[in-house]
Amino acid sequence: MSIQILPSLLAADFGRLSEEIARVAGSGADALHLDIMDAHFVPNLSFGPDVVALSRRVAPGLFRHVHLMMSRPDLYIGRFVEYGAQTVQIHVEADCDIWAALREIRALGVRSGLVLRPQTPVEAIKPYLGLCDEVLFMTVNPGYGGQSFMPEVMPKIAALRRCAGSALDIMVDGGVNFETAVVAAEAGANQFVAGSFLFRQQDMGEAINKLRGVLSAWNFNGNIV
Ligand code: DX5
Ligand code: ZN
């Protein structure tokens, strides 16, 4: 189980999108997190498959991780994969057949992920774990960057880590910074999405190195190695 750090493009300067994608590629990040919002599942609109394709064009070697905050993600899975998504995450609260959607993601040869809102019980995802490469726990209400981390989500992460063991990747998204990443790592998370915290850094690479240093002290059982 490796530590991964994923800058969220939602916090980028949209007037300089190509440069911002190149900045992430040069920072040593493990992947680029792309937030897709449909103004229905969440009260905001972001961008679509073209920005995933732009990321592929600007930084072909930077892994593209796509988080679909959509009521009907099932209708768009094929298009996002065609445009370059390498992981596709859907929400367990989406209005579609979750089994079929996860099967389709895998059948297209990319990694599958399931996401929970902060209020959704962890039991909701358990039936689908066999079809998931990773589980994302939202640590803010999805829809906007720059919100505060919700520590009340941590017991759910700890519960899933206890039952899933080290085989599953567990990710947090929302309000992640040096302090809150450690809180999430203590609970059992090993993948960290960070938007505003990383994009506001003068030197994103230095911040990612520091974050990796802080997190590598944890063995994800709640003990300092
Ligand atoms: C929120 C998105 C996040 C967001 C995180 O709905 O899923 O990926 O970009 O932004 P920060 O890190 O600023 O909370
Ligand atoms: Zn996200």
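Let me sum up the structure you'll find in this document.

The rules behind each value
Residues numbered from 1 in each chain as written. Chains lettered and ligands numbered in written order. Predicted model: local features only at pLDDT ≥ 70, side-chain atom pairs only at ≥ 80, totals over all residues. Heavy atoms only, no water. Pairing = 2+ DSSP bridges. Helix = DSSP H or I, 4+ residues; strand = E, 2+ residues; numbered from the N terminus. Axes fitted to C-alpha atoms, helices over the stretch in contact; angles between N-to-C directions. Contact = heavy atoms within 4.5 Å. Buried < 20%, exposed > 50% of the residue type's maximum accessible area, 1.4 Å probe, protein only. Donors = N, O, S within 2.8 Å, 3.2 Å for Na, K, Ca; no water. Tetrahedral: all angles 85-135°; square planar, octahedral: opposite > 155°, others 65-115°.

Notes on the sheet that holds strand β6 (residues 134–138)
- Ordered by their spatial adjacency, eight strands build an open sheet running β1-β8-β7-β6-β5-β4-β3-β2, and the pairing between neighbours is parallel. Pairing within the sheet leaves two strands with one partner each, and these edge strands are β1 (4–7) and β2 (32–37). Strand-to-strand twist in this sheet, taken as the mean axis angle between neighbours without regard to direction, amounts to 25°.
- Relative to strand β5 (residues 111–116), strand β4 (residues 87–91) is paired through five bridges, and the arrangement is parallel. Across the sheet, residue Thr87 finds its bridge partner in β5, namely Arg111.
- Across the sheet, helix α4 (residues 98–107) touches β4 and β5, and the angle it forms with β5 is around 145°.

Notes on the pairing of β2
- Counting buried residues in β2 gives six out of six residues, a clear majority hidden from the surface.
- Residues Leu32, Leu34 and Ile36 line one face of β2 and the alternating positions His33, Asp35 and Met37 line the opposite face, and both faces are buried.
- Where β2 meets strand β3 (residues 64–69), six bridges bridge the pair, whose relative direction is parallel. Residue pairing across strands places Leu32 opposite Arg64, the latter belonging to β3.

So, the coordination of the zinc ion (ligand 2)
- Protein ligation of the zinc ion (ligand 2) involves His33 (NE2), Asp35 (OD), His67 (ND1) and Asp173 (OD), the donor distances falling in the range 2.0 to 2.3 Å.
- The site at the zinc ion (ligand 2) holds six donor atoms, and with the angles between them running 69 to 168°, its shape is octahedral.

Examining the side chain of Thr180
- Residue placement: Thr180 occurs in helix α6 (residues 178–187).
- Leave out the neighbours within four places in its chain, and Thr180 touches Phe149 and Gly175.

Observations concerning unusual backbone geometry
- Unlike most non-glycine residues, Ala39 shows phi in positive territory, near 60°.
- Within the fold, Ala39 resides in the loop between β2 and α2 (49–58).
- For Ala39, a relative accessible area of 43% translates into the label partly exposed.

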